[in-house]
Number of protein chains: 2
Amino acid sequence: MPKVVPGRLQTVTETEWAQGLIHSWNDANWFDMPILVGNKIAPLIGASFEQVAVGDSTSVNLFKCLGAAVKLNQPRNVILLEGDNFPTDCYIAQGLANLLPHVQVQYLEPRDKLEDVLSKDIAVVCMSHVDYRSARIRDMKSTTDAVKAAGALMLWDLSHTTGAVACDLLESEADMAVGCTYKYLNGGPGAPAFTWIHPNHANIIETPLTGWMGHAAPFEFSRHYSPASGIRQMVCGTPQILSLSALDAALDMWSDIDLDQLWAKSSSMTHFFIDTVESLCGDHGLTLITPRNKAIRGSHVSFTIDEGGFEIIQALASLGVTGDFRAPNILRFGFAPLYLQFADVLHAAKQLKEVLDTRLWDDDNFRKRGTVT
Amino acid sequence: MPKVVPGRLQTVTETEWAQGLIHSWNDANWFDMPILVGNKIAPLIGASFEQVAVGDSTSVNLFKCLGAAVKLNQPRNVILLEGDNFPTDCYIAQGLANLLPHVQVQYLEPRDKLEDVLSKDIAVVCMSHVDYRSARIRDMKSTTDAVKAAGALMLWDLSHTTGAVACDLLESEADMAVGCTYKYLNGGPGAPAFTWIHPNHANIIETPLTGWMGHAAPFEFSRHYSPASGIRQMVCGTPQILSLSALDAALDMWSDIDLDQLWAKSSSMTHFFIDTVESLCGDHGLTLITPRNKAIRGSHVSFTIDEGGFEIIQALASLGVTGDFRAPNILRFGFAPLYLQFADVLHAAKQLKEVLDTRLWDDDNFRKRGTVT
């Protein structure tokens with residue numbers, strides 16, 4: 001947790017809420033926070049000011065974008081996703097297709113070449129920039145070029161990118177992006193997600209989630225929806241101010257960071273972890289599934305293991321090292337370059353060796369239970 | 001602000017987040033909070049345990065319900081709303097109809113009798129139980145009966161009901177309900193909203209917002225969506241835990257409240273305010289638009305005034321009395337029976353008299369700006 005968060009929440013509760021009451025929607029800028037917080041995320045993803053809206057969850061924001069995309073790119077009616085994308089991306093597309101009889105979902109399998117499946121029916125392609133399991137980076141510029149050359153819209157999921165990996169949405173001329181803020185941005189449990197729309201589309205796109213906070217004049221209380229200009233229309237209902245404020249405080253730390261240095265640190269940390277684990281734990285059957293080539297490696301490292309993956313992660317947790325188990329057999333370790341030191345990386349690798357050497361994980365205490373990414 | 005909130009947020013940040021890390025999704029019940037918090041709201045709206053899901057905004061939850069309703073009640077294709085409903089209800093219906101070419105939105109005008117417009121095409125009727133302007137209560141049982149007799153589904157917006165007015169969803173056999181928690185429940189700025197689905201529908205309904213947190217097994221990371229049983233499928237993405245925790249703390253206060261006494265207090269307070277304002281401010285051109293009949297009166301009181309409505313509310317705010325201006329000419333005063341005393345009601349009426357008698361409002365200081373309900 002960023003150390004500034006408790007103090008900020010104290011201000012928000014005891015001053016802005018308890019004393020300012022509803023006047024804080026104006027006086028404390030609550031009303032504008034979705035865009036003001038978005039402005040702090042923009043430099044991390046290669047976007048400009050007033051192009052990012054923060055609020056709702058990644059899932060809800062995916063729905064806004066996919067719904068808007070199939071509407072914008074009619075009569076094309078297919079949503080193309082990686083079958084191995086983070087599940088909520090697939091689920092949201094399926095939910096939209098279930099609602100819209102003419103829309104279909106098509107999956108890009110690992111064996112498929114993107115160019116081969118980009119048919120004339122594909123309205124939008126939704127991909128993760130960094131794969132949530134392997135950490136493989138899909139090249140943003142060439143992928144976007146291919147998708148747009150085929151007449152489809154390009155929607156990027158930046159959940160495993162933002163705050164750890166270089167990203168330039170405007171330079172790659174992508175159409176839309178979403179992402180979460182509770183991983184490398186450390187915005188808090190379930191912190192609100194973000195949405196970016198290319199400025200060429202921002203005023204013509206039609207979000208399906210037309211809430212009053214995205215209206216051009218919410219306090220006129222008119223019967224008919226009229227979208228606010230720019231990214232503001234992607235704000236839907238009333239934003240959850242406490243969660244949004246914690247994220248806002250966490251983002252203040254980013255204002256004077258040299259991003260190129262930070263991305264380089266991420267790359268060095270993951271390299272160091274791979275090297276150290278392979279030399280310390282080489283005989284325990286771990287198989288690296290993260291690219292060794294740093295140019296296509298995100299900020300987490302994943303190994304598969306035949307047996308006990310879930311329990312190994314639980315045993316590590318008992319030693320103070322937090323990784324994720326990802327079904328069916330993946331050990332995943334994320335490295336937040338703004339927060340971690342190389343000593344932490346070495347410590348994690350040594351604890352992993354300890355767990356494997358002593359078979360600490362092979363114990364009833366480390367029973368099955370889930371954790372959230 | 002409920003006094004328990006800052007302490008609870010301190011626990012959530014410094015213990016659950018900073019020390020518990022992602023393990024708090026299990027250890028601090030974050031994963032189950034949408035349902036656990038819903039269980040605390042259930043008694044206030046006449047619902048049972050495990051029937052209410054908390055999260056997202058009222059707008060997003062309206063979309064889930066309306067999308068599910070037009071799917072469930074095919075081939076009916078019309079959404080009927082009060083034209084004078086709170087605008088986001090109309091906007092969300094319009095957004096759904098814009099996405100779904102076969103769906104249409106029809107408005108019930110104040111002059112219309114509901115029974116006369118309940119055609120065979122109407123899939124779902126969405127109404128506010130308590131009107132956000134006049135505070136008029138629409139009878140839940142007879143309205144639901146009429147809607148269901150005509151073959152439509154009944155969706156109630158309880159935003160101005162919950163925590164102030166008696167409500168019995170199960171007894172009236174309604175189909176769905178949504179509501180906000182930042183008015184009479186005092187859950188915090190933009191606190192997460194709730195969704196209720198009648199248990200007869202909960203396992204057959206198909207929400208359009210199929211996020212991973214509503215999946216039957218979110219940690220299996222399977223490609224295809226499979227809904228969780230019961231109300232859990234209405235949870236979509238990862239919940240915003242800080243905002244949800246503040247609401248949870250605010251709701252603890254309700255566990256030993258005699259609700260019938262509380263509803264009676266609301267009714268007495270609004271009666272007292274009407275009486276006092278009419279006797280103190282009778283010559284200032286205020287016209288009551290709230291029912292005098294307590295059986296159909298919610299927990300706020302509204303007057304129209306020809307001139308200066310916005311500025312009067314601003315002038316009152318400068319004296320520490322918080323009301324709302326609702327365009328074009330409405331002064332609205334809400335009375336939270338759990339929090340306010342009759343002395344507060346008297347004080348508000350006296351300050352209103354002061355503002356009107358001295359024409360305090362007729363000053364450049366009280367310029368145009370918006371506030372959030």
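Caption draft 1: Structural detail: the side chain of Gln-51 of chain B. Here Gln-51 of chain B lies in the loop between helix 3 (33-45) and strand 1 (52-54). The residues touching Gln-51 of chain B, leaving out its near neighbours within four places in the chain, are Leu-170, Thr-195, Trp-196, Ile-197, Pro-199 and Ile-231 of chain B.

Caption draft 2: Examining the packing of aromatic side chains more closely. In this structure the tally under the stated criterion is 31 aromatic pairs over all chains. Measuring from ring centre to ring centre gives 6.1 Å for Phe-219 of chain A and Phe-221 of chain A, while their planes differ by 70 degrees; the resulting arrangement is edge-to-face. An aromatic cluster of at least three residues, connected via ring pairs, comprises Phe-31, Trp-212, Phe-219 and Phe-221 of chain A together with Phe-86 and Tyr-132 of chain B. Here Arg-223 of chain A stacks its cationic end above the ring of Tyr-107 of chain B, 4.8 Å away from the centre of that ring. Over the aromatic face of Phe-31 of chain A sits the side chain of Arg-232 of chain A, whose NZ or CZ is 4.2 Å from the ring centroid.

Caption draft 3: Structural view of the sheet that holds strand 2 (residues 78-82) of chain A. Residue and element names in this part refer to chain A. Ordered in space as 1-7-6-5-4-2-3, the seven strands form an open sheet in which the pairing is mixed. Edge strands, defined here as strands with exactly one partner in the open sheet, are strand 1 (52-54) and strand 3 (104-108). Sheet twist, expressed as the average angle between the axes of neighbouring strands with direction ignored, equals 20 degrees. As judged from the four bridges shared by strand 6 (residues 176-179) and strand 7 (residues 194-197), these two strands associate in the antiparallel manner. Of the residues in strand 7, the one forming a bridge with Val-178 is Thr-195. Packed on one face of the sheet, helix 4 (residues 58-72) meets strand 2, strand 4 (122-128), strand 5 (153-157), strand 6 and strand 7 and runs near 165 degrees to strand 6.

Caption draft 4: Expanded view of the pairing of strand 6 (residues 176-179) of chain B. Residues and elements named next belong to chain B. Burial along strand 6 is two-sided: Met-176 and Val-178 facing one way and Ala-177 and Gly-179 facing the other are all buried. Here strand 5 (residues 153-157) pairs with strand 6 via three bridges, running parallel. Of the residues in strand 6, the one forming a bridge with Leu-155 is Met-176.

Caption draft 5: View of the relation of the copies chain A and chain B. If you rotate chain A by 180 degrees and push it 0.0 Å along the axis, it lands on chain B with an RMSD of 0.0 Å. Both copies of the chain, as the preceding transformation shows, are related through a two-fold rotation axis. Relative to the rotation axis, the closest C-alpha in chain A is found at Ser-243 of chain A, a distance of 2.8 Å. Same-surface contact between copies: 100% of interface residues of chain A are shared with the interface of chain B.

Caption draft 6: Representation of the pattern of salt bridges within the structure. Considering all chains together, one arrives at 26 salt bridges over all chains under this definition. Notably, a salt bridge pairs Asp-56 of chain A with Lys-64 of chain A, separated by 2.8 Å at the nearest N-O pair. In this structure, Asp-56 of chain A and Lys-64 of chain A share a single accessibility class: buried. When the shortest N-O distance is used, the salt bridge between Arg-232 of chain B and Asp-32 of chain B registers 4.0 Å. A residue pair is termed long-range when its members are at least 10 positions apart, and Arg-232 of chain B in the loop between helix 9 (199-202) and helix 10 (241-251) and Asp-32 of chain B in the loop between helix 2 (24-27) and helix 3 qualify at 200 residues. Sharing partners across several salt bridges, the network here consists of Arg-8, Lys-40, Asp-248 and Asp-252 of chain A.

Caption draft 7: The confidence of the model for chain A, seen in detail. The predicted model of chain A has a mean per-residue pLDDT of 95, with 98% of residues at 70 or higher. The ipTM for the predicted assembly is 0.96, set against a pTM of 0.97.

Caption draft 8: Structural view of the sheet that holds strand 10 (residues 324-326) of chain B. Residue and element names in this part refer to chain B. In space, the four strands of this open sheet follow the order 8-9-11-10, with antiparallel pairing throughout. Edge positions in the sheet fall to strand 8 (287-288) and strand 10, since each of these pairs with one other strand and no more. Bridge count between strand 10 and strand 11 (residues 330-334): three bridges; the pairing is antiparallel. Looking across to strand 11, one finds that Arg-326 is bridged to Ile-330. Packed on one face of the sheet, helix 11 (residues 259-280) meets strand 8, strand 9 (300-304) and strand 11 and runs near 30 degrees to strand 9. Along the sheet, helix 12 (residues 309-318) makes contact with strand 10 and strand 11, crossing strand 11 at roughly 35 degrees.

Caption draft 9: Representation of helix 3 of chain B within the structure. All names here are of chain B. Under the 1.5 Å per step criterion, the end-to-end length of helix 3 is 19 Å for 13 residues, consistent within 8% with the ideal 18 Å. Within helix 3, the axis deviates most sharply at Asn-39, by approximately 35 degrees, and proline Pro-43 lies no more than four positions further along. Along helix 3, 10 of the 13 residues are buried, which leaves the element largely enclosed by surrounding structure. On its buried face, helix 3 is in contact with helix 1 (5-17), strand 1, helix 8 (169-172), strand 7 (194-197), helix 10 and helix 11. Following helix 3 by one or two positions, Gly-46 adopts a phi angle in the positive range, close to 70 degrees.

Caption draft 10: Focus on the environment of Leu-360 of chain B. Residues and elements named next belong to chain B. Structurally, Leu-360 is set in the segment after helix 13 (342-357). Take Leu-360: its relative accessible area is 29%, and that puts it in the partly exposed class. Taking the C-alpha atoms as reference points, Leu-360 and Asn-26, separated by 334 residues in sequence, lie 55 Å from one another. Ignoring sequence-local partners within four residues, the contact set of Leu-360 consists of Ala-315, Ser-318, Leu-319, Val-355 and Phe-366.

Caption draft 11: Representation of the interface of chain A and chain B in the model. With 83 residues of chain A in contact, the opposing surface of chain B contributes 83 residues. Summed over both partners, the interface of chain A with chain B comes to about 7400 Å²; 64% of that surface belongs to carbon and sulfur atoms. Connecting chain A to chain B are two salt bridges. Our enumeration of links across chain A and chain B arrives at 28 residue pairs in polar contact (both at pLDDT 80 or more). The set of elements that each furnish at least two residues to the side of chain A that touches chain B consists of helix 1 (5-17), helix 2 (24-27), helix 4, helix 5 (87-99), helix 10 (241-251) and strand 10 (324-326) of chain A.

Caption draft 12: The arrangement of the packing of helix 3 of chain B against helix 10 of chain B in detail. Residue and element names in this part refer to chain B. Relative to each other, helix 3 and helix 10 sit at 25 degrees, their axes nearing to 10 Å. One element, helix 3, and the other, helix 10, form an angle in the roughly parallel class. When the axes of helix 3 and helix 10 are compared, the crossing they make is left-handed. When helix 3 is examined against helix 10, the residues Met-33, Pro-34, Val-37, Lys-40 and Ile-41 are found in contact with a partner set consisting of Ile-241, Leu-244, Ser-245, Leu-247, Asp-248 and Leu-251. Tallied by class, residues from the contact of helix 3 with helix 10 come to eight nonpolar, one polar and two charged.

Rules and cut-offs
Residues numbered from 1 in each chain as written. Chains lettered and ligands numbered in written order. Predicted model: local features only at pLDDT ≥ 70, side-chain atom pairs only at ≥ 80, totals over all residues. Heavy atoms only, no water. Helix = DSSP H or I, 4+ residues; strand = E, 2+ residues; numbered from the N terminus. Contact = heavy atoms within 4.5 Å. Phe/Tyr/Trp six-rings, centres within 6.5 Å; stacked < 30°, edge-to-face > 60°. Lys NZ or Arg CZ within 6 Å of the ring centre and 35° of its normal. Pairing = 2+ DSSP bridges. Axes fitted to C-alpha atoms, helices over the stretch in contact; angles between N-to-C directions. Buried < 20%, exposed > 50% of the residue type's maximum accessible area, 1.4 Å probe, protein only. Least-squares fit on C-alpha atoms with pLDDT ≥ 70 in both. Salt bridge = Lys/Arg side-chain N within 4 Å of Asp/Glu carboxyl O. pLDDT = per-residue confidence, 0-100. Expected span 1.5 Å × (residues − 1). Bend = angle between axes of the 7 residues up to and from the residue. Buried area = accessible area lost by both parts, 1.4 Å probe. Polar contact = N/O pair within 3.5 Å; in protein donor to acceptor, adjacent residues only side chain to side chain. Parallel < 35°, antiparallel > 145°, perpendicular 65-115°, else oblique. Left-handed = near helix turned anticlockwise from the far one by under 90°. Nonpolar A, V, L, I, M, F, W, Y, C, P; charged D, E, K, R; others polar.

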